[in-house]
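# Secondary and tertiary structure notes
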Amino acid sequence: MSKKVRVVVMVAVLCGLHAVAEESCSRDVVVSAVERMSRLEHAQDRLEAMEAYRVRSGFSAEEWAGILFDIATNRNDRFVLQDMSRYASTNRLESLEAIVFDAERERSFRLAAFRVYALVDGFGERTSSLVARKSRAQNPDDQLSPRKLWLQINAMLPTNDVRRMSFENRMNIRQAGEND
Amino acid sequence: MKRALLTVLEIGLLLPVCASIPIHAFIVCDADGSPAVATETVRDHISNLNLVFSQVVMDFELVRLAMITNENWLSISSSNSAQHQALCATAHGTGGIELYYVEEIDDCVAFKTPSGLVVSRDANGLSVAHEVGHLCGLTDIYDDHEGTTLRVTGRSSRNRMPNDYGRPDFSIPHAKRLERLLMYGYQNSSKLAITGGDIYGLGRSVRRNEESGNYELVWDLYNVEVGFWEHGTRTPSCD
Ligand SMILES: [Zn+2]
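Residues numbered from 1 in each chain as written. Chains lettered and ligands numbered in written order. Predicted model: local features only at pLDDT ≥ 70, side-chain atom pairs only at ≥ 80, totals over all residues. Heavy atoms only, no water.

### A look at the interface of chain A and chain B
Counting residues at the interface gives 31 residues for chain A and 34 residues for chain B. Taken together, both faces of the contact between chain A and chain B bury some 2,600 Å²; the carbon and sulfur share is 41%. On the surface where chain A and chain B come into contact, there are twelve salt bridges. Where the side of chain A that touches chain B is concerned, the elements lending two or more residues are α1 (3–37), α2 (43–57), α4 (78–84), α6 (107–121) and α8 (146–156) of chain A. Ranked by residues supplied to the side of chain A that touches chain B, first place goes to α2(A) with eight residues. (Contact = heavy atoms within 4.5 Å. Buried area = accessible area lost by both parts, 1.4 Å probe. Salt bridge = Lys/Arg side-chain N within 4 Å of Asp/Glu carboxyl O. Helix = DSSP H or I, 4+ residues; strand = E, 2+ residues; numbered from the N terminus.)

### Quick notes on the sheet that holds strand β1 (residues 21–29) of chain B
Note on sheets: strands pair through backbone hydrogen bonds, and any given pair is parallel or antiparallel. Residue and element names in this part refer to chain B. Ordered by their spatial adjacency, five strands build an open sheet running β2-β1-β4-β7-β6, and the pairing between neighbours is mixed. Two strands bound the open sheet, and with one partner strand each, they are β2 (60–69) and β6 (110–113). Along the sheet, successive strands turn relative to each other by an average axial angle of 20°, direction set aside. Bridge analysis of β1 against strand β4 (residues 97–102) gives five bridges, and the strand direction is parallel. What sits directly across from H24, in β4, is E98. Across the sheet, helix α2 (residues 39–53) touches β1, β2, β4 and β7 (116–120), and the angle it forms with β2 is around 155°. (Pairing = 2+ DSSP bridges. Axes fitted to C-alpha atoms, helices over the stretch in contact; angles between N-to-C directions.)

### Thoughts on the coordination of the zinc ion
At 1.9 to 2.7 Å from the zinc ion lie its protein donor atoms, namely H42(A) (NE2), H130(B) (NE2), H134(B) (NE2), D140(B) (OD) and D140(B) (OD). Residue H42(A) is located in the loop between α1 and α2, and its partner H130(B) is located in helix α4 (residues 125–135); the two belong to separate chains. Since its relative accessible area comes to 0%, H130(B) is described here as buried. (Donors = N, O, S within 2.8 Å, 3.2 Å for Na, K, Ca; no water. Buried < 20%, exposed > 50% of the residue type's maximum accessible area, 1.4 Å probe, protein only.)

### Concerning the domain arrangement of chain A
All names here are of chain A. Segmenting chain A into domains produces domain 1 (1–75) and domain 2 (89–180). Connecting domain 1 to domain 2 are one salt bridge. Salt-bridge contacts for R92 lead to E62; the nearest nitrogen and oxygen are separated by 4.0 Å. The tally of links from domain 1 across to domain 2 stands at one residue pair in polar contact (both at pLDDT 80 or more). Along the lines of polarity and charge, the residues of the side of domain 1 that touches domain 2 split into three nonpolar, two polar and one charged. (Domains from an automatic or database assignment. Polar contact = N/O pair within 3.5 Å; in protein donor to acceptor, adjacent residues only side chain to side chain. Nonpolar A, V, L, I, M, F, W, Y, C, P; charged D, E, K, R; others polar.)

Here it is in structure tokens:
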């Protein structure tokens, strides 16, 4: 290798290393900021802090949802997962569903994943399909029963909410279809 | 001498008003009767509450511990007000504080509603005591918050805690002192202190918007209303 080429390679390697270092450093900064914000006593306060931080750091909603998802799943933090519901798009539904079905994880964390799923889907067709699939695949040893998923829907939506009525209608139609 | 006399006078004034504040606690159970929390948890929270509030000569007594069987209330969504209103309508006008214990709350460990505190299995005695601090009229205090660029820096000093007695250690950073306050806005295991006077810190203060004429909450560095003699009341209320 000529001297010139060697210098170019060296500079390229150093730049690469610098970029890696910078990236991991800023990721650590974001993780510790989220960890601190997640210790705020009041939910509204946490949302205000998080939104201000996200906007200032220039993350899009989609990017922010990804960051919160990673932190939440690494730390088993259901509150951080819950915060993600404000930012996530339907692109996240598959990974949320995987958590709902993951019997190795804590029940409260799986329930939080289900809540976020339902919120992101707007309590739509995919949510009723998820509940139906969970019912069919139910293993008696699984801590998270389909009944718990139903109760979550009840907890999230008042009785007179149109989304709850149409969710129940869809479930009834499904059940009638399966009984035929 | 003057300080001693003041203390004697204060205790004298307090004695007639330090009757116990009744606590009515309700534990939500599922259809099989299995409770959201054990009764010992509730008792433990009340003894923590008594420990913290003994600083301001306040005392709480558990006068009722009842079970509510309703599996729809095991999991509470703080944004579903119809749900927590129904739960908190269980007891009215008890003249004390109503605590409703549930399995989980979606986005926090405990919160106050206009008619009682909702407390989850994840809460500890300090989270309950912090909420009761609010019911007694005290405000949240911070050293920093992402919602603002203002932050508390520098050492503690007399004029940052003008109405507190004693000789506190002024060599510590003031932000460290805030972390020990019950009304500190972040959860930690060291927040116990209730001060007599307000303390300098970051808080939300009420300001009049010159353009709209409306009053709004803005972040500010000032003597935040955490002082029990200045802003506390011995008759906690949910409103
Ligand atoms: Zn607070």
